[in-house]
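Structure at a glance
Residues per chain, in single letters:
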Amino acid sequence: MKVVQVAIPIPLRKQFNYQVPEELPNILSLKVGMRVLVPFSNKKLVGIVCDLDASTDVDETKLKSIEAILDEFPVLSSHLLVLGVWLADYYLHPLGETLFSMLPAKLRKHEKLTELNQTYLKIAENVERKDALLSLRRAKKQLALFRALFDHSLSLSEAKSEYSTQTVKALEEKKLIEYEERIAPKNEWQHALSIERAFDANVEQAIAISTINKCSTYATFLLEGVTGSGKTEVYLQVIEAVLKKRQQVLILVPEIGLTPQTADRFQRRFGEIVAMMHSGLSDSQRLCVWHQARRGDVGIVIGTRSSVFLPFENLGMIIVDEEHDDSFKQQDGLRYHARDLAVFRAVKLNIPLILGSATPSLESLHNANTQKYHHLTLSNRAGNASLPSQHLLNITGQQLQCGIAQGILDKMAIQLAEGNQVLIFVNRRGFAPSLICHQCGHVETCVGCESPFTMHKIAGNLQCHRCGNQRYIPHKCSQCGNTDLSTEGQGTEQVEGFLSAYFSNYSCVRIDSDSTRSKARLNEILESINNNKHQILIGTQILSKGHHFPNVTLGLVLNLDALLFSEDFRAAEKMGQLITQLSGRAGRANKQGEVWLQTHQPQHPLVQDLVNNGFMSFSRSLLEERRAANLPPFSFQALLRAESQHLDRVLEFLNYAKSMLAQFINAKVIGPLPCVMEKKQGRLRYQLVIQSDHRGYLLSIMQQALIELDNHKLSSRIRWLVDMQPQDFS
DNA sequence: AGCACGCCGACT
DNA sequence: GTCGGCGTGCTC
């Protein structure tokens, strides 16, 4: 009797065995990586076969049987199945859920998988062609399409683009044409590649291009290029070489960086061989891209995080653009980092990988420093465009209006009067509030950790998130005795309200998560900004991502301190990336821009380094700080978070985990500490941070701990999760 | 997760 | 007397 092992999408760290009945129709074609329909508890679920020849110690006849084989070919190739097994192991996530999160949504359900079908138009049966031609003599476009269908049928998408949707509709309504489903023909782009002539590269670009082109096996290149230095041109030219070898290219981009303009640029150079994969697509469209990648119908896929799971027919290169961006890390379910998976795939497929950024992550810089990655630099801006100059404004003790200094308001007035735009960056979310003295700029800091205390409104105290140290909220500054202590910065709405009243002759626009909920809305706003419909732009992180604002000549960062003083050890890194990216968004060749940073601590060495020496120098200093403090990338972290309405359960669970993990001497366990968002949707949230110098060691102790935690009586009564290499502690 | 089973408190 | 709250255990 044949017994196979099936991974089921449930949060259990085990697989299940099933009999394969002899009478199953397509039994001979059953392969690993195929989906099957199986009875489970008292319902039917879709599972993925992960072992064709399972060994069991139980009585095989007691096993349930597979009901149906859903696929004609495996949805997960052996390469992707290996990736999935590694993923489940590395992120300590149940295999079934892991494998299913690698698939497009449509394939997570019962739906049968067949070869990619395409809809074709043909002339309807029983249509008298002569009569039809006569009846169409006054509808030129419809006539043309109808005639075209005489000798060959046309695919629906071709017909729609060559003629028009209305034309097709019209003929359909007249019952002159009908639809037919057929297996889509393979798109043989490899034989008819039309590539537009490349731009002449400058010296640095040329070095980068030739270095990458020389490499045809696995290697990771960190391409560090200041904004406007022409990273994209490097991508384009190395992609060309890969396409000419008839291989495909995957380009991973941050969630919001994927604009139609990005795709246009690739399409202009390489023609219609580019597919996009982003959150704006429907499930059917996503499945279509999945098929196209698998069949080799497209040469290039540009996509967000989850595109790293696409089943390419013949992948020749992966590019991760803006590799420092946090959106590459999934923040729920399987908490993978697409950059790390890109490395895994590149190694397994033995192909080159490019990580590009103007502000590389410290992880990648460290890997470059230790020779794991090849470091390529582009330090010159193309053309004569110069970056805006950066300035610090000491706001200590100053009168502020809605958080803005008078001097800045005056500068804004000048720029606005000259017809330029101004941009105000407001950080409203994401970072923990620390307590700062407005008189002297002193930040209340835990003495033992040199980490700023975090305000906890619920507990009504200050807490150090490194060591758990707690103290009462002081009513005066411990340095100068002033009682003007503040935590919360201004939100975008407040700033918008104030500025639209103050500059009532100009139009304000707010760009934050509320206004970007829909992609169309964001594009609308961006367009109206470029058309100068608004003069004052107020926004959050989104302002620093991807979009260029050529008419902005003055940028303002309202509260640099809130970015800098946070218990999250990555705060300074993120601050530097943000300020640098923000500066790169503004101005154009003929207008020198300025960026002003309001701070209570203009002498802070990191801030000084960033403003005076630029991101490259700043990031190297940060890396030294991390080394000294033994923080990532010099050590490895795991996060164990628990949530429940009942505080006692959360603490009992985490303390149990801690007592277990504390036995391992080569790891440090910090906590349980309240999360930055201590209460969310009525649940109290606490976490444990586990840190070790060795990734393998950390993984193995977490695996051991997990077995115990799964068996703990509270494990099913609270919500809890493990996050390996956590990015965000909120 | 999702579901069944089982045991105690306030209700038509 | 029962309805339904949650705690417990199981899923090939």
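What counts and how
Residues numbered from 1 in each chain as written. Chains lettered and ligands numbered in written order. Predicted model: local features only at pLDDT ≥ 70, side-chain atom pairs only at ≥ 80, totals over all residues. Heavy atoms only, no water. UniProt positions renumbered as here; feature names shortened; annotations may be inferred. Near = heavy atom within 4 Å. Polar contact = N/O pair within 3.5 Å; in protein donor to acceptor, adjacent residues only side chain to side chain. Helix = DSSP H or I, 4+ residues; strand = E, 2+ residues; numbered from the N terminus. Nonpolar A, V, L, I, M, F, W, Y, C, P; charged D, E, K, R; others polar. Expected span 1.5 Å × (residues − 1). Contact = heavy atoms within 4.5 Å. Pairing = 2+ DSSP bridges. Phe/Tyr/Trp six-rings, centres within 6.5 Å; stacked < 30°, edge-to-face > 60°. Buried < 20%, exposed > 50% of the residue type's maximum accessible area, 1.4 Å probe, protein only. Lys NZ or Arg CZ within 6 Å of the ring centre and 35° of its normal. Axes fitted to C-alpha atoms, helices over the stretch in contact; angles between N-to-C directions. Parallel < 35°, antiparallel > 145°, perpendicular 65-115°, else oblique.

As recorded by an unreviewed UniProt entry, chain A carries the name Replication restart protein PriA and is attributed to Agaribacter flavus. Checking UniProt for chain A, the heading Subunit (unreviewed entry) contains the comment "Component of the replication restart primosome." If you open the UniProt record of chain A and go to Sequence similarities (unreviewed entry), you find "Belongs to the helicase family. PriA subfamily."

So, the protein's contact with DNA strand C
In the region of DNA strand C, the neighbouring residues are L12, K14, F16, N17, Y18, P39, F40, S41, L63, K64, R649 and R717. Of everything in DNA strand C that lies within 4 Å of the protein, sugar and phosphate atoms constitute 57%. Here R649 contributes a side-chain N or O atom positioned 3.2 Å from a phosphate oxygen of DNA strand C. R717 is positioned such that a nitrogen or oxygen atom in its side chain is 3.0 Å from a phosphate oxygen of DNA strand C. Contributions of two or more residues to the surface near DNA strand C are made by β2 (16-19) and β3 (35-40). Looking at the surface near DNA strand C element by element, the count peaks at three residues for β2. Among the residues making up the surface near DNA strand C, the classes are represented as six nonpolar, two polar and four charged.

A few points about helix α19 (residues 647-661)
Taking 1.5 Å as the rise per residue, α19 with 15 residues should run 21 Å; its terminal C-alpha atoms sit 21 Å apart, in good agreement. The secondary structure elements touched by the buried residues of α19 are β31 (636-644), β32 (667-680), β33 (683-692), α20 (695-711) and β34 (719-724).

Considerations on the protein's contact with DNA strand B
Residues in close proximity to DNA strand B include P11, L12, N42 and K43, which together make up its full environment. Put simply, 73% of the atoms of DNA strand B that lie within 4 Å of the protein are in sugar or phosphate. Between N42 and DNA strand B, the recorded distance is 3.5 Å, taken from a side-chain N or O atom to a sugar or linking oxygen. Considered class by class, the residues forming the surface near DNA strand B number two nonpolar, one polar and one charged.

Remarks on the sheet that holds strand β5 (residues 68-69)
Within the open sheet, the five strands sit side by side as β2-β1-β4-β3-β5. Their pairing is antiparallel. What marks the edges here is a single partner per strand, and that holds for β2 and β5. For β3 and β5, the ladder comprises two bridges, and the chain directions are antiparallel. Within β5, the residue paired with L37 across the bridge is A68.

Here we look at the packing of aromatic side chains
Under the counting rule described, the total for this entry stands at twelve aromatic pairs. A ring pair is formed by F615 and F618, whose centres lie 5.8 Å apart and whose planes are at 50 degrees; its orientation type is tilted. Here F615 and its partner F618 are both found in helix α18 (residues 605-629), three residues apart, which amounts to about one turn of the helix. Taking relative accessible area as the criterion, F618 reaches 0% and is therefore assigned buried. A cation over an aromatic ring shows up here: R129 above the ring of F150, its NZ or CZ 4.8 Å from the ring centre. The ring of Y120 has R182 lying over it, and the distance from NZ or CZ to the ring centre is 4.1 Å.

Some remarks on the environment of L92
Looking at where L92 falls in the secondary structure, it is placed in the loop between α1 (78-90) and α2 (95-101). With relative accessibility at 9%, the residue L92 sits in the buried group. Along the backbone, L92 and R13 are 79 residues apart, and their C-alpha atoms lie at a distance of 8.8 Å. For L92, the contacting residues outside a window of four places in its chain are R13, L87, L699, M702, Q703, L706, V722 and M724.

Considerations on helix α11 (residues 338-349)
Spanning twelve residues, α11 covers 16 Å between terminal C-alpha atoms, matching the ideal 16 Å at 1.5 Å per step. Looking only at α11, the buried set comprises A338, R339, L341, A342, V343, F344, R345 and A346. Where α11 is buried, its residues meet α1, β10 (248-252), β13 (315-321), β14 (352-357) and α12 (362-369). Where α11 ends, the next residue or the one after it, N350, has phi of about 60 degrees, a positive value.

Some details on the packing of helix α4 (residues 140-151) against helix α6 (residues 165-173)
Remark: α4 packs on α6, axes separated minimally by 9 Å, with the N-to-C direction vectors making an angle of 75 degrees. Classified by the angle their axes make, α4 and α6 are roughly perpendicular. Here α4 contributes K141, Q142, L145 and F146 to the contact with α6, which in turn contributes T167, V168, A170 and L171. The residue makeup of the contact of α4 with α6, split by class, is five nonpolar, two polar and one charged.

Remarks on the sheet that holds strand β23 (residues 454-456)
In any sheet, the strands associate via hydrogen bonds between backbone groups, in a parallel or an antiparallel arrangement. Pairing is antiparallel in the open sheet, where three strands are placed in the order β23-β24-β25. For this open sheet the edge positions go to β23 and β25 (470-472), each flanked by a neighbour on one side alone. Ignoring which end each strand starts from, the neighbouring axes of this sheet average 35 degrees apart. Alignment of strand β24 (residues 461-463) against β25, held across three bridges, turns out to be antiparallel. Along β25, the bridge assignment pairs L462 with R471.

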